[in-house]
Amino acid sequence: MPEPTIEVSAVAAKPKTAEANETDRAEQLRERRRLMLLVLVTIGAAVLATACLLAQFNVNAILYKGF
Amino acid sequence: MSVCSIEWVVCLLVTSALFFTVPGLRPRQAMLALCNAGFLATLLPEAGVRGAVALAVFLAIGYVAAKLMQAKPQKTILVIYLAALLAAFVILKQYAFVKIFLPASLFQRTVAIVGLSYMLFRQIQVVVDAYQGQIENLTLWNYLNYQLNLFGLVAGPIQRYQQFCESWLRLEPVLEGPEAILRAYLRVFLGVIKVAGIAAACLAAYDWCTAGLETWTGSHAKLLARAAAMFYLYPAYIYFNFSGYCDIVIGGASLFGLKMPENFDRPFLARNMIDYWTRWHRTLGFWIRDYVFTPMYKAIAERWPQKAASLAFLCYFVALFLTGIWHGSTWNFVVFGVLNGVGVAAAKLWENWIIKRRGRKGLKQYLASPAIRAGAIAANFHYVCLTILFFPSDLSKTLQIIKHVI
C-alpha cells in the first residue's frame, strides 16, 4: 500500500499555477506597502515627538530661567 | 531623568538596538542592571544621601522579609511586618490626615525615597506571595532588578514578581519580525507625543482657564463654558499624561525582551466605577483586588457567610478609598478616595438591587441593553471627570469649578 506522505509530497511538488503566483506576488506587494507605510508613520511620529519634546524644553526654559 | 525627555528616548533607542547583539542571558541581565542603576542614579540626587540610604534599607527589609516568609511562613510575623511597613509608608509620605493623630516630631525629618509608592506594592506582593508559597527564583539579584526595573520604577505599571521573572530569566526578543519592532518604536513615539504634546497642551489650557477664576467678572454663560472646559481638560491631561507614559515604558521594555502588563483599556468606555477600575490603571486595580479586596471579602465571608454578599459593597468602598488616598498625601486625595469608594460601592449596590427586583435574568437583560449601556457610559464618564478634578492639590479651586458647573 503506498504511503500517504508520497501522495502529499507529490501534490506539494506540483508547480504553482500562474494565477497562484500572481496572488502571491500581490500579497507580497501589499505586505511591503504596509511595512513602508508603517516606516513612514513611525518616522513621522518620531519627528513630531522630537518637536513636542523640544517645544516642552523651550517652554520650561522660559518658565524656569536658567534651566 | 524624565521618561519623557530627549535623553531618555535617545538612550532607549541606542541601548535597545545594541541589546540583543550581547550574547547570553547573564551579560544581557548585567547590561539591563546597568541601565537600571544608571536610571536610578539620575533620580537619586533629588532624594539626597538620606534618601539613598532609606531606599537601600527599604529594599533590604523587603528581601529579608520575603526570604523569611519563604523559609518559615508565619501569619503573625506577616501581619506585624505589613503593619510596620504601612506605618512607615504613611509617615514617610507625610499624609495630611495622619498628622492630626500623630506627634509633629515624627514628621520633622523628611526622607524622600525614589519610587516608594510603587515599590510598596511590589514589596507587599513579593512578601505575601512568598508567605503563600507562590514565589520561585527569589534571589537578591532578581529581586533588586525587579524593584528597580527602570520601566516601572517611577510610576508603574505594577508588575508581579513572577511575571517579571518570566521575561528576566530569558531576556530573548519578544517582538517577532520588523513590523512588531516598528510598532514598538511607534508606540514609544506616540507615548511621547501624548505626554509632551497633547497632555501638555491640555494642562496649559486648564491653567489658562483657571487663571483669575476667583475674580472672574464676565457673563454667566462664558463662566459656565470656562468651567465646563476645565471639567474635561484636567481628566484629559491626566489620561494622556499617564497613558502616554505607559506607552513609552511598555513599548520601550518590549525592545529589551521585557513584557510589561498593560495599564489602560479604553477607560472612558466603562459603564460603572467597578468596570472603570479594571480599565484605568489596571495593574493598580488588579493589585487592590488581589491584596486588599479579596482577603477582606474572604474574611467577612468566613465570619458571616450569610451576610457576605450584601456586605461586598463595603469591601469595595474600603478598597477603592485606600486606592484613592494612596495617590497622594494631601486632603484632596481623601476626597478623591471617598468619591471612588462611593462610586464602586454604589455600582455594587445598584447591581444587588437589580438582582433583588428582577433576578439574574433581569440583570442580564439590563446589561445587554444598548441604550442603558450608552447612558451608563456617559454618566460614568462624567463621574470619573468629577473624581479626577480632585487630583490637583488646590481644593478651593476644584470646588469653585464644580460650583460654576452646577
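Structure shown above.
Residues numbered from 1 in each chain as written. Chains lettered and ligands numbered in written order. Predicted model: local features only at pLDDT ≥ 70, side-chain atom pairs only at ≥ 80, totals over all residues. Heavy atoms only, no water.

Novice: What exactly am I supposed to notice about the overall build of chain A here?
Specialist: Broken down by element type, chain A carries 2 helices and 0 strands. Taken across its 67 residues, chain A has 10% of its residues classed as buried. Working note: accessible area of chain A is about 5900 Å², and carbon and sulfur atoms make up 67% of it. (Helix = DSSP H or I, 4+ residues; strand = E, 2+ residues; numbered from the N terminus. Buried < 20%, exposed > 50% of the residue type's maximum accessible area, 1.4 Å probe, protein only. Areas by Shrake-Rupley, 256 points an atom, 1.4 Å probe, with all protein chains shown as cover.)

Novice: I keep staring at the overall build of chain B and nothing clicks. Help me out?
Specialist: Helix and strand counts for chain B come out as 15 helices and 0 strands. Expected size for 406 residues packed as a compact globule is a radius of gyration near 22 Å; at 23 Å, chain B falls within 12% of this value. For chain B, the C-alpha atoms occupy an extent of roughly 65 × 55 × 55 Å along the three principal directions. Taking all 406 residues of chain B together, 48% fall into the buried category. Sequence-distant contacts, at least 24 apart, represent 72% of the contacts inside chain B between residues at least 6 apart. For chain B, the accessible area works out to roughly 19400 Å², and carbon and sulfur atoms hold 67% of it. For chain B, the centre of its 36 positive side-chain charges and the centre of its 18 negative side-chain charges are spaced 9 Å apart. (Rg over C-alpha atoms; globule rule 2.2 N^0.38 Å. Contact = heavy atoms within 4.5 Å. Lys, Arg positive; Asp, Glu negative; His and termini not counted. Charge placed at Lys NZ, Arg CZ, Asp CG, Glu CD.)

Novice: What am I meant to see in the packing of aromatic side chains here?
Specialist: In this description, a pair of aromatic rings is defined by centroid distance and the angle of the planes. Residue and element names in this part refer to chain B. Per the stated rule, a full pass over the model turns up 38 aromatic pairs over all chains. Consider the rings of Y146 and Y161, whose centres lie 5.2 Å apart with planes at 90°: the pair is edge-to-face. Placement of Y146 in helix α6 (residues 140-147) and of Y161 in helix α7 (residues 161-168) is noted, with a sequence separation of 15 residues between them. On the accessibility criterion, Y146 (2% relative accessible area) is buried. One aromatic cluster in this structure is built from F231, Y232, Y239, F240, F242, Y245, F264, F268, Y276, W277, W280 and F381. (Phe/Tyr/Trp six-rings, centres within 6.5 Å; stacked < 30°, edge-to-face > 60°.)

Novice: Mind showing me how you'd approach the interface of chain B and chain A here?
Specialist: It is common to give the size of an interface as the accessible area lost on bringing the parts into contact. Residue-level contacts link 18 residues of chain B with 15 residues of chain A. Taken over both partners, the interface formed by chain B and chain A buries close to 1300 Å², and the fraction arising from carbon and sulfur atoms is 83%. Where chain B packs against chain A, one counts 1 salt bridge. Joining chain B to chain A, the criterion identifies 1 residue pair in polar contact (both at pLDDT 80 or more). (Buried area = accessible area lost by both parts, 1.4 Å probe. Salt bridge = Lys/Arg side-chain N within 4 Å of Asp/Glu carboxyl O. Polar contact = N/O pair within 3.5 Å; in protein donor to acceptor, adjacent residues only side chain to side chain.)

Novice: Looking at this model, I keep getting lost on a nonpolar patch on the surface. Mind explaining?
Specialist: A cluster of nonpolar residues, L54(A), I6(B), V10(B), V14(B) and L18(B), forms a patch on the protein surface that exposes about 400 Å² of accessible area. No other element matches the 4 residues that helix α1 (residues 6-19) of chain B contributes to the nonpolar patch. With respect to the helices and strands, the residue V10(B) is situated in helix α1. (Patch = residues over 30% accessible without salt bridge, like charges linked within 9 Å, V, L, I, M, F, W, Y side chains within 5 Å.)

Novice: I would appreciate a short explanation of helix α13 (residues 331-368) of chain B in the present structure.
Specialist: Residues that lie three or four places apart on an α-helix share one face, since the helix turns once every 3.6 residues. Counted at 1.5 Å a residue, the expected span for α13(B) with its 38 residues is 56 Å, but the 39 Å between its end C-alpha atoms falls short. When the local axis directions of α13(B) are compared, the greatest deviation, roughly 120°, occurs at R358(B). (Expected span 1.5 Å × (residues − 1). Bend = angle between axes of the 7 residues up to and from the residue.)

Novice: So what exactly am I meant to see when it comes to the state of the cysteines here?
Specialist: One pass over the full model with this rule turns up 0 disulfides over all chains. For the unlinked cysteine C4(B), the closest cysteine sulfur is that of C52(A), found at 8.4 Å. Note on C4(B): relative accessible area 13%, which makes it buried. Summary of cysteine pairing: C11(B) is not part of a disulfide, and the nearest cysteine sulfur, belonging to C35(B), is at 8.2 Å. (Disulfide = S-S within 2.5 Å.)

Novice: Can you help me understand the side chain of D129(B) in this one?
Specialist: Topologically, D129(B) is positioned in helix α5 (residues 116-131). Despite its burial, D129(B) pairs with no opposite charge, the nearest such side chain being R160(B) at 5.7 Å.

Novice: Even after reading the chapter, I still don't get helix α12 (residues 308-326) of chain B, so can you show me in this structure?
Specialist: Look at α12(B): 26 Å from first C-alpha to last across 19 residues, which is about the 27 Å you get at 1.5 Å a residue. Looking only at α12(B), the buried set comprises A308(B), A312(B), C315(B), Y316(B), A319(B), L320(B), T323(B), G324(B), I325(B) and W326(B).

Novice: Where do I start with unusual backbone geometry in this structure?
Specialist: Note on backbone geometry: most residues besides glycine have negative phi, and most peptide bonds are trans. Residue and element names in this part refer to chain B. Of note, the phi angle at Q94 is positive, near 55°, even though the residue is not glycine. Relative to the helices and strands, Q94 resides in the loop between α3 (75-92) and α4 (96-99). Phi at H281 is positive, roughly 45°, even though this residue is not glycine. Relative to the assigned elements, H281 resides in the loop between α10 (273-276) and α11 (282-303). We classify H281 as buried; its relative accessible area is 2%.

Novice: Explain the packing of α13(B) against helix α14 (residues 370-388) of chain B to me, please; I cannot follow it from the model alone.
Specialist: The relative placement of two packed helices is expressed as an angle between their axes plus a distance between the axes. All names here are of chain B. Axis separation between α13 and α14 bottoms out at 11 Å; the angle between their running directions is 170°. Classified by the interaxial angle, the pair formed by α13 and α14 is roughly antiparallel. On α14, the residues that touch F336, L339, N340, V342, G343, Y366 and A368 of α13 are P370, I372, Y383, L386, T387 and I388. (Axes fitted to C-alpha atoms, helices over the stretch in contact; angles between N-to-C directions. Parallel < 35°, antiparallel > 145°, perpendicular 65-115°, else oblique.)

The analysis is restricted to geometry; functional conclusions fall outside its scope.
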